[in-house]
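Residues per chain are reported as follows:
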There are 2 protein chains.
Amino acid sequence: MPQHDSAPAPLPDRRLPAYLQLRDALAARVARGEWGPDTALPSENQLTAETGLSVGTVRKAIQTLVDEGLLERRQGSGTYLRKPAFNASLFRFFAVKSADGEATIPSSRIIARTAATAPSAIAGILGTTDCIRLDRLRGQSDALLLSEEIWLPRARFDGIADLEEAQFGPLLYPLYLERFGVFIASAIDDVSFAPASAAVAARLGLAEGAPTAVIERTAYTVDGTAVEWRIAHGPAERFRYRSRLS
Amino acid sequence: MPQHDSAPAPLPDRRLPAYLQLRDALAARVARGEWGPDTALPSENQLTAETGLSVGTVRKAIQTLVDEGLLERRQGSGTYLRKPAFNASLFRFFAVKSADGEATIPSSRIIARTAATAPSAIAGILGTTDCIRLDRLRGQSDALLLSEEIWLPRARFDGIADLEEAQFGPLLYPLYLERFGVFIASAIDDVSFAPASAAVAARLGLAEGAPTAVIERTAYTVDGTAVEWRIAHGPAERFRYRSRLS
DNA sequence: ATCATATAGTTCTATATAGAACTAGTTGAC
DNA sequence: GTCAACTAGTTCTATATAGAACTATATGAT
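Residues numbered from 1 in each chain as written. Chains lettered and ligands numbered in written order. Predicted model: local features only at pLDDT ≥ 70, side-chain atom pairs only at ≥ 80, totals over all residues.

Novice: Explain the overall build of chain A here, please?
Specialist: Assigned secondary structure in chain A consists of seven helices and nine strands. In chain A, which comprises 246 residues, the proportion classed as buried is 31%. Excluding contacts between residues fewer than 6 apart, the proportion of contacts in chain A whose partners are at least 24 apart in sequence is 62%. (Helix = DSSP H or I, 4+ residues; strand = E, 2+ residues; numbered from the N terminus. Buried ≥ 20, exposed ≤ 12 C-beta atoms within 10 Å, placed from the backbone. Contact = placed C-beta atoms within 7 Å.)

Novice: Would you take a moment to explain helix α3 (residues 55–67) of chain B for this structure?
Specialist: Three- or four-residue spacings in an α-helix give side chains the same orientation, since the helix completes a turn every 3.6 residues. All names here are of chain B. Look at α3: 18 Å from first C-alpha to last across 13 residues, which is about the 18 Å you get at 1.5 Å a residue. For α3, every residue scored as buried is listed here: V58, A61, I62 and L65. Angularly, the buried residues of α3 cover 90° about the axis, an arc narrow enough to put them on a single face. In this structure, α3 carries G56 and D67 as exposed residues pointing more than 90 degrees from its buried face. Following α3 by one or two positions, G69 has its phi on the positive side, about 90°. (Expected span 1.5 Å × (residues − 1). Arc of directions from axis to C-beta.)

Novice: How should the packing of helix α1 (residues 18–31) of chain A against helix α3 (residues 55–67) of chain A be read in this particular structure?
Specialist: All names here are of chain A. Between α1 and α3, whose axes approach to 8 Å, the crossing angle comes to 55°. The pairing of α1 with α3 is recorded here as oblique in orientation. At the point where α1 passes α3, the crossing takes the right-handed sense. Contacts between α1 and α3 involve A18, Y19, L22, R23, L26 and A27 on the former and, on the latter, T57, V58, K60, A61, T64 and L65. Of the residues in the contact of α1 with α3, the class split is eight nonpolar, two polar and two charged. (Axes fitted to C-alpha atoms, helices over the stretch in contact; angles between N-to-C directions. Parallel < 35°, antiparallel > 145°, perpendicular 65-115°, else oblique. Left-handed = near helix turned anticlockwise from the far one by under 90°. Nonpolar A, V, L, I, M, F, W, Y, C, P; charged D, E, K, R; others polar.)

Novice: Before we go on, may I ask you to explain the domain arrangement of chain A in this structure?
Specialist: The parts lose accessible area when they come together, and the size of an interface is often stated as this lost area. Residue and element names in this part refer to chain A. Along its sequence, chain A is carved into domain 1 (18–81) and domain 2 (90–238). Placing a centre on the C-alpha atoms of domain 1 and another on those of domain 2 gives a separation of 32 Å. Between domain 1 and domain 2, the contact holds eight residues from the first and seven residues from the second. Take the side of domain 1 that touches domain 2: its biggest share by element is three residues, from α1. Among the residues making up the side of domain 1 that touches domain 2, the classes are represented as six nonpolar, two polar and no charged. (Domains from an automatic or database assignment.)

Novice: Sorry if this is basic, but what is going on with the protein's contact with DNA strand D here?
Specialist: Around DNA strand D lies a shell of 19 residues, among which A:A18, A:G56, A:T57, A:G76 and B:G76 are the nearest. If you list the elements that add at least two residues to the surface near DNA strand D, you get α1 and α3 of chain A together with α2 (44–51) and β2 (78–81) of chain B. The dominant element in the surface near DNA strand D, judged by the number of residues it contributes, is α3(A), at three residues. (Near = placed C-beta within 6 Å.)

Novice: Help me understand the relation of the copies chain A and chain B in this model?
Specialist: Superposition of the two copies of the chain requires a rotation about an axis together with a shift along that axis. Take chain A, turn it by 180°, move it 0.1 Å along the axis, and it overlays chain B with an RMSD of 0.2 Å. Taken together, the rotation angle and the small translation identify this as a two-fold axis. Among all residues of chain A, the minimum C-alpha distance to the rotation axis is found for A:S243, at 3.5 Å. Both copies present the same face, since 100% of the interface residues in chain A are matched by interface residues at the equivalent positions in chain B. (Least-squares fit on C-alpha atoms with pLDDT ≥ 70 in both.)

Novice: I'm lost on the environment of B:L177 in this one. Help?
Specialist: Locating B:L177 in the fold gives a position in helix α6 (residues 173–180). Beyond its immediate chain neighbours, meaning those up to four positions away, B:L177 contacts B:P37, B:V182 and B:F183.

Novice: What exactly am I supposed to notice about the interface of chain A and chain B here?
Specialist: Contacts between the two partners involve 23 residues from chain A and, on the opposite side, 23 residues from chain B. Residue assignment for the side of chain A that touches chain B shows that the elements contributing at least two residues are β6 (186–195), β7 (211–220) and β9 (241–245) of chain A. If you tally residues by element for the side of chain A that touches chain B, the top one is β6(A), at eight residues. Partitioning the side of chain A that touches chain B into residue classes produces 12 nonpolar, five polar and six charged. When β6(A) meets strand β9 (residues 241–245) of chain B, the two strands line up antiparallel, connected through five bridges. Looking across to β9(B), one finds that A:I188 is bridged to B:R244. (Pairing = 2+ DSSP bridges.)

Now the structure itself:
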């Protein structure tokens, strides 16, 4: 189902309305990394010239991508990639009740990076067994709050195992975009609850069997291809997940 | 802060673009219950005649409300209230693993309906202390899965305590709309984990202190007024909450 | 150097128009 | 009765145009 190397740019479907064809064409160019985070896309005028469509139609195509959360328009300036607006960090779901109200220092440490063969459940999601696995530990002040296990398809993220540790910031999605041209556009979180396994307990400094919150996240690019799967554990009593429905 | 009786229809802000003024006017009329769930709103032509604006501007106003999730357009037919699309039932987060694959029968029982004075945290959200409290128990086959405590402002829901039990379906939001003209447009869920209190344990047939998932939900009307607050508990090992981010 | 002004380029609002696509109901043929 | 054809009404697509609002840069005066 999903493809793990750069998609072969499906031809626009002639049966679709013009504005949707243009939408698809632009989304494909964005997915190919044609424009960086801070370079403006072609203006409405340029696109009307390129395509022969009218401004109204071009605007409608762009507006569609804005609604989908991919682009962002700035009046007087131009149209840009939208920085993923959903707060990507799972970290924020673990409240730090600093009794004294001190500013605490968040820490983020990658404790392992290995090429690995994905188990079938994960391979089915990512579309390949040829993966890279990252293990990460996050905390605040002294408390360890989050143990993450992150799976990436090696075809898209080759070389991530060789990066200096310093080049990993606390947030991975900006790194994906800047280093590998992978733009995370959406994600699905699955929240559940389980007693800590021995491995998780050891990492978080908990007793085995202690209650933990489990977040499984699958992240997608614009075209709906899953490009990251992760599972995260943290102490249940610190956990609070907020979700807005509409 | 929020108002619990029908809002006094703020005058349109002349400084706003025409399409936003029309958006506000339409949203206000929707909030006042001017149109039922299956009656079409005025057509584009009617609205252009009423307002003196052009079709394009009218379309833009309507499209804004569609994007906000309030309305729904059906080509060839008309523009309607959108039925709240988010699956309102908290019940769905509790997986029933019927080992034998039998179709199970969900049950829903209101076990208490009382006028009550809301504690300050809830009163702050709902804007009043004068509330009605519903207690509900939901299950499937034999297993009890969900204990809910629901708080409603009495001003909007007066008479709900007198309804026949049979008039409560498994879903409350349709009842709110049909009986009280309250349209739930959005909600915020807060998910956490806690050991079962004595009361919750007794209701769900669990041991006191058994791990439970806790969902706190605040539900809002179109204009952002909170009109329902609930807290729900269920057995943690059955719980799985899914959320789509974008 | 600093500040005001002008300018080119961008998106945004608004109007007007035409026809296509679709829906729901009515009419008519059989 | 049943089915097909028609029709009025609706939303949807697409074009063309004009000016407003805003941004970023360049220019010029001091």
